[in-house]
Structures are given as structure tokens and as C-alpha cells.
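Chain residues, written in single-letter form:
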Amino acid sequence: MSELLVQMDNVSKSYGPVDALGGVNLKVYRGEVVGLLGDNGAGKSTLIKVLSGAVKATGGTISIKGKTVEMNSTTDAIDHGIETIYQDSALVTQLSIARNLFLGREPIKGSKFLGRLDEDKMAAVASELLKEVGISKDIPPTTPISALSGGERQAVAIARAMHFESDLIILDEPTNNLGVAETQGVLQFVRNAKASGHSCIFIAHNIHHVFQVVDRIVVMRRGAIVADDIDPKTTTVEAVERIITGMDS
Amino acid sequence: MGKLSKLLSVRPEVGPAILLVLLIVVFTSINPKFLSILNISNTLAFTVELGLIALAMTLLMTSGEFDLSVGSLFGLTPVIMWALFNGTDIPLELAFLCAIAIAVFIGLVNGWFVTYLKIPSFLVTLGMLLVARGTALYITDGFPQRTWNASGEWLSGFLVGDIQIGALRLYMSLFWFILVAVLLHYTLQKTKMGNWIQASGGNADAARARGVRVDATKIKLFVLSSALAGFAGVISSIRTSAANPNSGTGYELEVIAMVVIGGTALMGGRGTIVGTVIGIFILRLMRNGIVMIGVPGLAYNIFIGAIILGMMALHSWLDRRNQSRG
Ligand SMILES: Nc1ncnc2c1ncn2[C@@H]1O[C@H](COP(=O)(O)OP(=O)(O)OP(=O)(O)O)[C@@H](O)[C@H]1O
Ligand SMILES: [Mg+2]
């Protein structure tokens, strides 16, 4: 087995009286694509929010490459190599593709004090990355995000995660509201990310999408992980559906 | 039409630029004196004082906040400076620095309330508007401070001295305006700081998630806004030979109108200094031109209001067109 990247131990999260997560254990290895399934309110988003620093766990520990870490903010998570991609919220729609890619990590030309953006470098890297994630159309990197389709926006977010050498890319329902072609595009980006050595956690309600890209399926029910080693190559969609709804027992 | 709308949405200053040219053509054809040298130099003198505030407001509004206390700071800062200079024996330079430092402090307080206590900037700066105006009235008992004894001081020449070029009289304040406009344009469009300003106004959560220091960025802009409003007030007090505790009343709305007419989004995320400079001229030319072509000055606000509504309608139409493509 390859290197253990992320390990969550007995992680819990409660919102007041609601226990959204009740002591969850999860491991993700390098280069692995994990599908996270579960019904509405099962706790999938809460789990990845804890992992991406968006909410703080009430209990438990998170280790990355064997070291226990504190996740107090999304910047902490990014610093530890964890990138999260939501449908819309991660990009500034008024800014261009290139400026979004480098937001917060802008390359500077000349004196640090003047802080002049190195726009040539940003444009060059952006064009290269757009090709890498497989955007076939010729979209100039100066295009504002507001002029992109949903799938292209996902592609930009994935490109950013790949460029900044994140080890783990988390996608929470990235295929919601996408058409057939765009969904295939996002799935292809996930394969490309895996091919270049990144791990992914992929959440989607459409089990067929999950089956197409993941190496392993984890199922959550009412804040707990009820199955964590389902191989999509040897299991049927129906069997997984039964585990999700709790009809297996 | 498709091409024009695309141009207008990529370059939000094009709409106001067309309007400005139209205004000049209309006013000049009705009264040819409109473009006379004397009229231009008179117009320029006040324009830059309000304009300095509008430049800072452009950056602040791009970051998604705005500042209603600028008119009060325009009144308060020179009052403090001249009260210190007239009432004690500290030199004018020091009085100037003290007054600007107080303006900076007020900007910090505004920024702290908005970012740390998370109170909307509308409410915070409305409160500060009253505090600053009240302070100016209280320390002067409502009377103007004399400033004519400034004539011998190098600082007053440095800030507002005038240069006569033929019949055209230019004030130093025009130079300050151009300098600040160029610096802020560069900052907003070309630098990391500018990228952070736009991102803070466009999607603060996404920006924060990437490590952009949204709160620090906004606090800096509140400070810039207060400091430039105070600086503009000092310039005005020397030019008009009086520091009146009531001066600048109502400027906040005129300044916001200049910025919005220029194409900066009221909700943040998009802003342009070029547009604001055009917006400044549109409002000043309107005020001046309406009188020169014989429309009663009291009708001025009708036209300004109509232009603001028209510009907002244009930009919201452009935004909706863009969204539907997404
Ligand atoms: N901010 C919050 N405050 C209170 N309760 C919350 C909050 N966020 C989530 N919950 C609760 O925690 C539980 C898990 O929610 P979560 O969003 O993790 O589910 P999910 O598996 O992502 O569901 P979905 O598939 O619908 O996105 C739910 O019962 C939900 O109501
Ligand atoms: Mg969810």
C-alpha cells in the first residue's frame, strides 16, 4: 500500500444538541480516489468541512503524513496540502481565471514593496494548467469567472488545487447542476488529478458518477461510517444503495 | 448592440465617458462660454477636493464597504489643525500631522467596528459621521477658524499654491489629485493589493479561504478614506481662507454618486479609478453647466438623481446579461 496521507481518528462534531459526526475514523492513501456516499444529512459535508478547516471538530484528531495537525482555518488546511472544491463558493466571479488561480499566492514582479503582479507569468501558467485539466476550448486566462460555465468553473478550481501541489483534493457534490458533457469533464479532471499523483475525496449523490472514478467507496449513515472498503469493481450499485439506506441489515 | 454591451461590461468606464462627452457637447452648444479657460480653472479648483475623497471611496467600495463619515472628516480635520495652530504655539506642519493622525485614527476605528465587530459599514460610518461633525462643532462653538495667517507658511503653498499659465490658473491641489489618481489606479489594477481589494468585495469567503487578509485590507481602505477626506478638507480650508466646522456637509452622498456613476459596483467586486475620474467630472460639469445654460440651480439634484438611476439600470442590465451566459 502507498503512503498514508490523511488519518482521522474518532472525529466528532456536534451543532448544539445535533450530533452531525459521532466519532469517525477515516484513512486516505496517496494517489487514491475515495467516494463518500450517504443520504441527505448523513454527515458527509460536515466530515469534509472538518477536514478542510471550515468547521472545528468537537473531538478527535487529524493526522497528515503521520503528524497530528490543528485545523483551525481553511488556510491551515491549504497549508497542509488539502484543497476543497465546492460548486460555486471557491471562486471570485468578478476576477479573471488567472487572478483566481493565484489569489492569495500572487507572483510579484520587481520590488516586493510595490507589489506589482507578474501578469505575464500568471497568464502563461494559467494557459498551461487549463490545457492540463483538459479544457479543450481556447479560453484566454483573462476571462472573468462569471463568463464560464459551471463545469469550466470546477475545472479552474481543480487546476488551482493541482498547481499548488495539494496532496488531497476534496470535491463536495461537484457535479450538481451540471449537464452530461460537463459532468464527464469533471470526472475526467478527477482522473487527471489521480494520474498526476493527487488523492481525492469525491462526494456525489449520483452513485453512477461515483462508480466511474473512485477506487474505494465509503458510506456514511447518521453521522457514522458504516462501510469503508467497498470496491466498486466487485460490488453492484444496488448493493451500495442498500447500505446507504440501511436496508442491508 | 452585442458588441457594445460586451465593451460596456468589460470596461465599465465607457458608459460614463460617452455621457461626459455628450454633456460637454450639449452645454457648449447652448452656451459657448462653457469651455472657456476661466470656467475650466474655476471648475477644477473645487473638483479635486471632492475628487480626492471619491478616489479613496472607489477602492473602499470595490472592497464591498463604504464610508459615510467622509464629509464630517472633511470638516473636522482642518478645524483640528487650525485650532491647534491658532490656539497653541506649535508649528503648522505639526498641527497638520496631528490632524491627519486623528483622521487616520478615526479610519482605524471605522475599520475595526466593521471587520472585528461585524457591524455593517452603513451603520458604523453613520455613527462616525455624527461623532466627527459633533466634535468639530463642539470644539469651535460652531464658529469658523481663521486660516488667513497661513499665507506665509511654505506648507500652504505646497498644498494649495497656484500656478498661472496664461489665463489658466492651476492649483497645487490638482497635482495632488492627479498623483493620487495615478497611484490608486495602479494599485487597484496592477498590484497584489488591488487583487485582494477586488476579491474581498467580490467573494470575501472565497478570498479568505485562499489566505487573503480581507479584514486587514478593508481596514487599510477605511484609513485611506478618512485620511484623504481630511487632507481634502485641509486643502479646502486654505483655499477658502476658513476652516468651517460645517463644511463638507452632504459630501458623502455626492462622492458616492461620483463613484457609482463612474461604474464601480455598489456591492463591491468591481471598481475603476478611470470611471470615478469621469464620474467626478460629470457631476461637477452638471452643477456648473446647468447654471450656465440658465436652468435654475435648484433643479440640479433632479438631473443627478436621474443620472444615478440611469447608470444603475445600465450596470444591472449588463450584469444580468453576463450572468445568463454563465
Ligand atoms: N451549521 C449547522 N447547524 C446545525 N446543524 C447542522 C449544521 N450543518 C449541518 N447540520 C446537521 O448535521 C447533519 C449532517 O449534515 P451534513 O451537511 O454533513 O449532511 P450531508 O451528508 O452533507 O447531506 P447532503 O447530502 O444533504 O449534503 C444534518 O442533520 C444537518 O442538519
Ligand atoms: Mg452535503
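Residues numbered from 1 in each chain as written. Chains lettered and ligands numbered in written order. Predicted model: local features only at pLDDT ≥ 70, side-chain atom pairs only at ≥ 80, totals over all residues. Heavy atoms only, no water.

A. Focus on the overall build of chain A. Secondary structure summary: chain A contains eight helices and twelve strands in total. Relative to its length of 249 residues, chain A is compact, with a C-alpha radius of gyration of 19 Å against a globular reference of 18 Å. Projected onto its principal axes, the C-alpha positions of chain A cover 60 × 40 × 35 Å. The buried share among the 249 residues of chain A stands at 52%. Long-range contacts, defined as pairs at least 24 residues apart, comprise 65% of the intrachain contacts of chain A with a sequence gap of at least 6. Surface summary for chain A: the accessible area is close to 11100 Å², and the carbon and sulfur share equals 50%. Looking at charge distribution, chain A has the averaged site of its 25 positive side-chain charges lying 3 Å from that of its 30 negative ones. (Helix = DSSP H or I, 4+ residues; strand = E, 2+ residues; numbered from the N terminus. Rg over C-alpha atoms; globule rule 2.2 N^0.38 Å. Buried < 20%, exposed > 50% of the residue type's maximum accessible area, 1.4 Å probe, protein only. Contact = heavy atoms within 4.5 Å. Areas by Shrake-Rupley, 256 points an atom, 1.4 Å probe, with all protein chains shown as cover. Lys, Arg positive; Asp, Glu negative; His and termini not counted. Charge placed at Lys NZ, Arg CZ, Asp CG, Glu CD.)

B. Representation of the nonpolar core within the structure. Residues Leu159, Phe231 and Met286 of chain B are the most contacted members of the largest nonpolar core, which totals 82 residues. It is helix H3 (residues 37-62) of chain B that provides the largest number of residues to this core, a total of twelve residues. With residues near it in sequence (within four places) discarded, leucine 159 of chain B still touches Phe96, Met172, Ser173, Trp176, Phe231, Val234, Ile235 and Ile238 of chain B. Residues Ile97, Ala157, Leu187 and Val210 of chain A belong to the second largest nonpolar core, which totals 49 residues. (Core = buried A, V, L, I, M, F, W, Y, C linked by side-chain atoms within 4.5 Å.)

C. The interface of chain B and chain A, seen in detail. Counting residues at the interface gives 23 residues for chain B, matched by 28 residues for chain A. Here chain B meets chain A over a buried area of about 2000 Å², counting both sides, of which 48% is carbon and sulfur. The interface formed by chain B and chain A holds two salt bridges in total. Across the pair arginine 210 of chain B and glutamate 83 of chain A runs a salt bridge whose closest N-O atoms are separated by 2.8 Å. Summed over the shared surface of chain B and chain A, the result is nine residue pairs in polar contact (both at pLDDT 80 or more). Breaking the side of chain B that touches chain A down by element, the ones donating at least two residues are helix H8 (172-190), helix H9 (192-202), helix H10 (204-209) and helix H14 (300-325) of chain B. Broken down by element, the residue count for the side of chain B that touches chain A peaks at six residues, all from H9 of chain B. Grouping the constituent residues of the side of chain B that touches chain A by class yields seven nonpolar, eleven polar and five charged. (Buried area = accessible area lost by both parts, 1.4 Å probe. Salt bridge = Lys/Arg side-chain N within 4 Å of Asp/Glu carboxyl O. Polar contact = N/O pair within 3.5 Å; in protein donor to acceptor, adjacent residues only side chain to side chain. Nonpolar A, V, L, I, M, F, W, Y, C, P; charged D, E, K, R; others polar.)

D. Region of the structure containing the pattern of salt bridges. Inspection of every chain in the model, using the stated rule, returns 16 salt bridges over all chains. Note that arginine 30 of chain A and aspartate 167 of chain A form a salt bridge whose closest N and O atoms lie 3.4 Å from each other. In this pair, arginine 30 of chain A sits in the loop between strand S2 (18-29) and strand S3 (33-38) while aspartate 167 of chain A sits in the loop between helix H5 (150-163) and strand S9 (168-172), placing the two residues 137 residues apart along the sequence. Given the relative accessible area of 14%, aspartate 167 of chain A is considered buried. The partner of aspartate 215 of chain B in a salt bridge is arginine 208 of chain B, and the shortest N-O contact between them spans 3.4 Å. Each of Glu3, Arg30, Lys65 and Asp167 of chain A takes part in a single network of salt bridges with overlapping partners.

E. Spatial organisation of the packing of aromatic side chains. Overall, the coordinates contain nine aromatic pairs over all chains when judged by the stated rule. For the ring pair tryptophan 154 of chain B and phenylalanine 158 of chain B, a centre distance of 5.7 Å and an interplane angle of 55 degrees mean the geometry is tilted. Placement of the pair is tryptophan 154 of chain B and phenylalanine 158 of chain B together in helix H7 (residues 154-160), with a separation of four residues, close to one helical turn. Classification of phenylalanine 158 of chain B by relative accessible area gives partly exposed; the value is 38%. Through pairs of rings, three or more aromatic residues link up here, namely Phe96, Trp154, Phe158, Phe175, Trp176 and Phe231 of chain B. The lysine or arginine in question, lysine 13 of chain A, covers the ring of tyrosine 15 of chain A, its NZ or CZ lying 5.1 Å from the ring centre. (Phe/Tyr/Trp six-rings, centres within 6.5 Å; stacked < 30°, edge-to-face > 60°. Lys NZ or Arg CZ within 6 Å of the ring centre and 35° of its normal.)

F. Examining the pairing of strand S11 (residues 216-221) of chain A more closely. Residues and elements named next belong to chain A. Taking burial as the measure, the six residues of S11 include five buried ones, the bulk of the element. As paired strands, S11 and strand S12 (residues 224-230) are joined by four bridges and run antiparallel to one another. Among the inter-strand pairings, methionine 220 is bridged to a residue of S12, identified as isoleucine 225. Hairpin connection between S11 and S12: a loop of two residues separates the two successive antiparallel strands, and arginine 222 in this loop has a positive phi of roughly 45 degrees. (Pairing = 2+ DSSP bridges.)

G. Highlighting the sheet that holds strand S1 (residues 4-15) of chain A. Residues and elements named next belong to chain A. Spatial strand order, S2-S1-S4-S5: four strands in an open sheet with antiparallel pairing. Of all strands in the sheet, those with a lone pairing partner are S2 and strand S5 (67-69), marking the two edges. Each adjacent strand pair in this sheet contributes to an overall mean axis angle of 25 degrees, direction not counted. Where S1 lies against strand S4 (residues 59-64), five bridges are found, and the strand directions are antiparallel. The partner of serine 12 across the bridge, within S4, is glycine 59. Running at roughly 120 degrees to S1, helix H1 (residues 44-51) makes contact with S1, S2 and S4 of the sheet. (Axes fitted to C-alpha atoms, helices over the stretch in contact; angles between N-to-C directions.)

H. Representation of the layout of surface pockets within the structure. Of the pockets and cavities examined, the largest pocket occupies roughly 1400 Å³. For the largest pocket, the lining is made up of 42 residues, of which Gln94 and Pro144 of chain A together with Ser9, Val10 and Arg270 of chain B are closest to its centre. Listing elements by their share of the lining of the largest pocket, those giving two or more residues are helix H3 (97-101) and helix H4 (119-132) of chain A together with helix H1 (2-10), H8, H9 and H14 of chain B. The biggest single contributor to the lining of the largest pocket is H14 of chain B, with seven residues. (1 Å grid on protein atoms, 1.4 Å probe; cavity = no way out; pocket = protein on both sides within 12 Å on 5 of 7 lines; lining within 4 Å. Points joined across faces, edges and corners; volume = space filled by probe spheres on them.)

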